[in-house]
Amino acid sequence: MNTSLSGPRLSPAPRLALVLGSGGVRSIAAVGIAEVLARAGIQPDLIVGCSSGALFGATIAMGMSSHQALNAAQALWSSELTQQRRWRAYAQLLAPRVFGFSQGFALRDDRLIAQRIAQAFGEVRLEHLPIPLRVATTEAASGDPIVLTRGRLVDALRASMALPFIFPSVEVGGKQLVDGVISNPLPVAAAADAQAVITLGFHGAMPRRIDRPSRLLGRISTALINNLQQARLEAARAGGQRVLSIELQLDRRIGLWDTSAMPYLFETGRRAAEARLPQIMALLGHSPERSVA
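In this numbering scheme, every chain counts its residues from 1 along its sequence in written order. Only residues with pLDDT of at least 70 are given local features in this predicted model, and only at 80 or more are side-chain atom pairs given and counted; all residues enter the totals for whole chains, interfaces and linings. The side-chain figures draw on all heavy atoms in the structure; neither hydrogens nor water molecules are used.

**So, the overall build of the chain**
Step number 1: Counting its secondary structure elements, the chain contains ten helices and nine strands.
Step number 2: Working definition: with a 1.4 Å probe on protein chains only, accessible area under 20% of the residue-type maximum means buried, over 50% means exposed, and in between means partly exposed. Looking at the chain as a whole, 49% of its 293 residues qualify as buried.
Step number 3: Here, residues are in contact when the closest pair of their heavy atoms is within 4.5 Å. Partitioning the contacts of the chain with sequence separation of at least 6, the portion at a separation of at least 24 is 74%.
Step number 4: Note that accessible areas follow from Shrake-Rupley with a 1.4 Å probe, and for residues the cover is restricted to the protein chains shown. As presented, the chain carries roughly 13700 Å² of accessible surface, and 53% of it is formed by carbon and sulfur atoms. Numbering of helices and strands starts at the N terminus; helices are DSSP runs of H or I of at least 4 residues and strands are runs of E of at least 2.

Pasting the structure below:
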């Protein structure tokens, strides 16, 4: 099931969609890809994003230059945002009946995240962006994927990044929403109406050793998300979507919150797009070559 909290679609079908998966700081590579496309005279008609992909995709949808997007990204994505602890949460874990434990439980406070997003994007609404943006989230109660196409951009981005247990869910349209990675880590199906799709997805790295419970949980959840992402991509291609996947060639391991790697990731995204530019042009019908992979 793929539900959309939106009004009726009035715009024509997009010619090219850029679909950005969840990948932490690595998703900033999308800005490098967008710069290469712009230099080739290509502008996506639609951006679809999940979690950090939605966050950095919003800078493209806003029409920011690559320089502006990188500056905004460094404020929007930092380890500082994950260090806003809710001390009551530890009491709730130790004595849930005494201190109260519910589906809204979170280890971290997301008010700083909301503040940073509001500073970057203000009161902009999804339906008013220069380039349409669809944001992948998950309904907390049912686990169903929810794609947001209308409403406040700040709320949509907060919801798409609200990883359960870490950050609280966000109410949008009367529904409690959490991180899109739970149901749709690479939301290519949300661009099913596009004539052609370019994806930027990421396979999570497995923990190198299992020496604590959190790493065992990390291995299980990473395997689940990786397999779900691959299944979504294969289903899209089997359903007839014309999809070209761009993968980053990284020469080192990069943490989810390593903002110092942003310039490197931007350049890596730019080089990856340049290498695939002939295939991108073929995907859009600009040359006789038709191979897509």
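Additional details are given in the paragraphs that follow.
**Considerations on the environment of F165**
Step number 1: Relative to the elements of secondary structure, F165 occurs in the loop between helix 7 (153-160) and strand 6 (170-172).
Step number 2: Expressed as a C-alpha distance, the spacing of F165 and G104, which sit 61 residues apart in the sequence, is 8.4 Å.

**A look at helix 1 (residues 29-39)**
Step number 1: Within helix 1, eight of the eleven residues are buried, which leaves the element mostly enclosed by the surrounding structure.
Step number 2: When we look at burial in helix 1, the residues that qualify are A29, A30, V31, G32, I33, A34, V36 and L37.
Step number 3: Just beyond helix 1, the residue with positive phi is G41, at close to 80°.

**Some thoughts on the layout of surface pockets**
Step number 1: Lining residues are those with an atom within 4 Å of a point, where the points come from a 1 Å grid over the protein atoms alone and group into cavities, where a 1.4 Å probe fits but cannot get out, or pockets, open sets with protein on both sides within 12 Å along at least five of seven lines. Grid points are joined across faces, edges and corners, and a volume is the space filled by probe spheres set on the points. The volume enclosed by the largest pocket comes to roughly 1700 Å³.
Step number 2: Taken together, 43 residues line the largest pocket, and the ones lying closest to its centre are L163, G218, S221, T222 and L256.
Step number 3: Per-element accounting of the lining of the largest pocket gives the leading share, eleven residues, to helix 8 (residues 213-238).

**Describing unusual backbone geometry**
Step number 1: At S51, a residue that is not glycine, the phi angle is positive and equals roughly 55°.
Step number 2: With respect to the helices, strands and loops of the structure, S51 is situated in the loop between strand 3 (46-50) and helix 2 (52-61).
Step number 3: Judged by its relative accessible area of 6%, S51 falls in the buried class.

**Here we look at helix 3 (residues 66-76)**
Step number 1: Along helix 3, the residues that are buried comprise A69, L70, A72, A73 and L76. Viewed end-on, helix 3 has its buried residues packed into an arc of 170°, placing them on one side of the element.
Step number 2: Against the buried residues of helix 3 lie helix 1, helix 2, helix 6 (111-121) and helix 9 (262-275). The directions from the helix axis to the C-beta atoms are what the arc is built from.

**Examining empty space enclosed by the protein**
Step number 1: What the rule picks out here adds up to one cavity of 30 Å³ or more.
Step number 2: For the largest cavity, the calculated volume is near 50 Å³.
Step number 3: Surrounding the largest cavity, D110, I113, R158, M161, A162, F167, P168 and V170 form its lining.

**Brief notes about the pattern of salt bridges**
Step number 1: Should a side-chain nitrogen of Lys or Arg be within 4 Å of a carboxyl oxygen of Asp or Glu, the pair is scored as a salt bridge. Under the counting rule described, the total for this entry stands at eleven salt bridges.
Step number 2: Among the ionic pairs, R39 bridges to E274, the shortest N-O distance being 2.8 Å. Highlighted residues: R39 in helix 1 and E274 in helix 9, separated in sequence by 235 residues.
Step number 3: For R39, a relative accessible area of 52% translates into the label exposed.
Step number 4: By relative accessible area, E274 is classed as partly exposed at 33%.
Step number 5: The shortest N-O distance in the salt bridge between D193 and R134 comes to 3.0 Å. A residue pair is termed long-range when its members are at least 10 positions apart, and D193 in the loop between strand 7 (175-179) and strand 8 (196-200) and R134 in strand 4 (residues 133-139) qualify at 59 residues.
Step number 6: With a relative accessible area of 24%, D193 lands in the partly exposed category.
Step number 7: Sharing partners across several salt bridges, the network here consists of E35, R39, E267, R270 and E274.

**Considerations on the environment of V124**
Step number 1: By the secondary structure assignment, V124 is in the loop between helix 6 and strand 4.
Step number 2: Of the residues examined, V124 reaches a relative accessible area of 23% and is grouped as partly exposed.
Step number 3: Measuring from C-alpha to C-alpha, the distance between V124 and G151 comes to 8.6 Å, with 27 residues separating the pair along the chain.
Step number 4: Ignoring anything within four residues of it in the chain, the contact list for V124 reads M62, L129, R152 and L153.

**Focus on a nonpolar patch on the surface**
Step number 1: Each patch is built from salt-bridge-free residues with over 30% relative accessible area, joining like charges within 9 Å and nonpolar side chains (Val, Leu, Ile, Met, Phe, Trp, Tyr) within 5 Å. A cluster of nonpolar side chains, namely I210, L216, I220 and L224, defines an oily patch on the protein surface of about 350 Å² accessible area.
Step number 2: Structurally, L224 can be placed in helix 8.
Step number 3: Overall, L224 belongs to the exposed group, its relative accessible area being 58%.

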